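Architecture and fold: a report
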Amino acid sequence: MSDKQAIIANGEAAKELLRNTAFVLALEDTQEALKDAIVQTAPPDAQTRELIYTMLRMLPVFRGALQTRINAGAITAAEIAEMIAEHERAAARAARQASADVRQKRAPKRPRR
């Protein structure tokens, strides 16, 4: 698998994760559990609250990392599609030119005056 194919595959896998209801619900449940945990810490337990807060702040970072993979896969897929389209356009131009060359060779030569 080429690097571009791997990027596209990773992007598709990330997209499937974010579309997966169980996964999304698990992220939401985790977020709610962390919010509840902050409230339940004892007033002098700042270190635990900071740790929970850091974990809570990582959830959007995690989602963002998945979205970045989705975007990279989409961009790479678009680049590949454009390369294929350009190749097809070049092949069509070459075929037209070859056809024109054949027609030109078949055309009767006109006498020179």
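Residues numbered from 1 in each chain as written. Predicted model: local features only at pLDDT ≥ 70, side-chain atom pairs only at ≥ 80, totals over all residues. Heavy atoms only, no water.

1. Points about the overall build of the protein
What counts is decided by this rule: Strands here mean DSSP runs of E at least two residues long; helices mean DSSP runs of H or I at least four residues long; both are numbered from the N terminus. The atom set for the radius of gyration is the C-alpha atoms, and the globule formula is 2.2 Å times the number of residues raised to the power 0.38. Residue burial is assigned from relative accessible area. The probe radius is 1.4 Å, only protein chains are included, and a residue is buried under 20% of its type maximum, exposed over 50%, and partly exposed in between. Residue contacts follow a heavy-atom distance rule, with two residues in contact if any of their heavy atoms lie within 4.5 Å. Reported accessibility uses the Shrake-Rupley method at a 1.4 Å probe radius. Residues are deemed covered only where the shown protein chains occlude them. Charge convention: Lys and Arg are scored as positive, Asp and Glu as negative, and His as well as the terminal groups of each chain are ignored. Think of each charge as sitting on NZ of Lys, CZ of Arg, CG of Asp or CD of Glu.
Within the protein, the secondary structure is distributed over three helices and zero strands. The linear arrangement of helices and strands in the protein, starting from the amino end, is α-α-α. For a compact globule of 113 residues, the expected C-alpha radius of gyration is about 13 Å, and the protein comes in at 29 Å, more than 25% above that figure. The dimensions of the protein, computed from C-alpha atoms along their principal axes, are 110 × 25 × 25 Å. Split into buried and exposed, the 113 residues of the protein put 12% on the buried side. For the protein, contacts bridging at least 24 residues in sequence account for 64% of all contacts bridging at least 6. Per element, the accessible surface of the protein, about 9,100 Å² overall, is 58% carbon and sulfur. If the 18 positive side-chain charges of the protein are averaged to one point and the 14 negative ones to another, these points end up 24 Å apart.

2. With respect to the nonpolar core
To keep it simple, the criterion reads: What makes a nonpolar core is a set of buried Ala, Val, Leu, Ile, Met, Phe, Trp, Tyr and Cys residues whose side-chain atoms join them at distances within 4.5 Å.
Within the largest apolar cluster, nine residues are counted, these being A14, F23, L27, L34, I52, L56, L59, L66 and I70. Secondary-structure elements contributing two or more residues to this core are α2 (21-40) and α3 (46-106). With sequence-adjacent residues up to four places away left out, I52 is seen in contact with L34, A37, I38 and T41.

3. Section: the packing of helix α1 (residues 3-19) against α2
How we decide: Orientation is described by lines fitted to C-alpha atoms, with helices fitted over the stretch in contact, and by angles between N-to-C directions that extend from 0 to 180 degrees. Roughly parallel means an angle under 35 degrees; roughly antiparallel means over 145; roughly perpendicular covers 65 to 115; every other angle is labelled oblique. Polarity classes work like this: nonpolar for Ala, Val, Leu, Ile, Met, Phe, Trp, Tyr, Cys and Pro, charged for Asp, Glu, Lys and Arg, and polar for all others, with Gly in that last group.
At a minimum axis separation of 5 Å, α1 and α2 run at an interaxial angle of 70 degrees. Looking at the two axes, α1 sits roughly perpendicular to α2. For the pair α1 and α2, contact is made by L17, L18 and R19 and by T21, F23 and V24, respectively. Per-class residue counts for the contact of α1 with α2 are four nonpolar, one polar and one charged.

4. Considerations on α2
How we decide: Between the first and last residue of a helix there are one fewer steps than residues, each counted as 1.5 Å, and that sum is the expected span. Throughout, the arc means the angular range of directions from the helix axis out to the C-beta atoms. For the purposes of these results, a polar contact is taken to be a pair of N or O atoms within 3.5 Å, where, inside protein, one atom must be able to donate a hydrogen and its partner to accept one; residues adjacent in sequence count only when each atom of the pair is a side-chain atom.
Along its 20 residues, α2 runs 28 Å from first to last C-alpha, staying within 8% of the 28 Å computed at 1.5 Å per residue. Of all the positions in α2, only F23, L27 and L34 are classed as buried. Buried residues of α2, seen end-on, are gathered within an arc of 45 degrees and therefore sit on one face of the element. Those residues of α2 that are exposed and angled more than 90 degrees off the buried face are T21, A22, D29, V39 and Q40. With a side-chain oxygen lying 2.9 Å from the backbone nitrogen of A22, the N-terminal cap of α2 falls on N20.

5. Some words on the environment of E28
Inspection of the secondary structure assignment puts E28 in helix α2. Residue class for E28 comes out partly exposed when judged on its relative accessible area of 37%.

6. Quick word on the side chain of T41
Note that T41 resides in the loop between α2 and α3. Of note is the side chain of T41, whose polar atom sits 2.8 Å from the backbone oxygen of I38. Excluding its chain neighbours within four sequence positions, the residues that come into contact with T41 are T48, R49 and I52.

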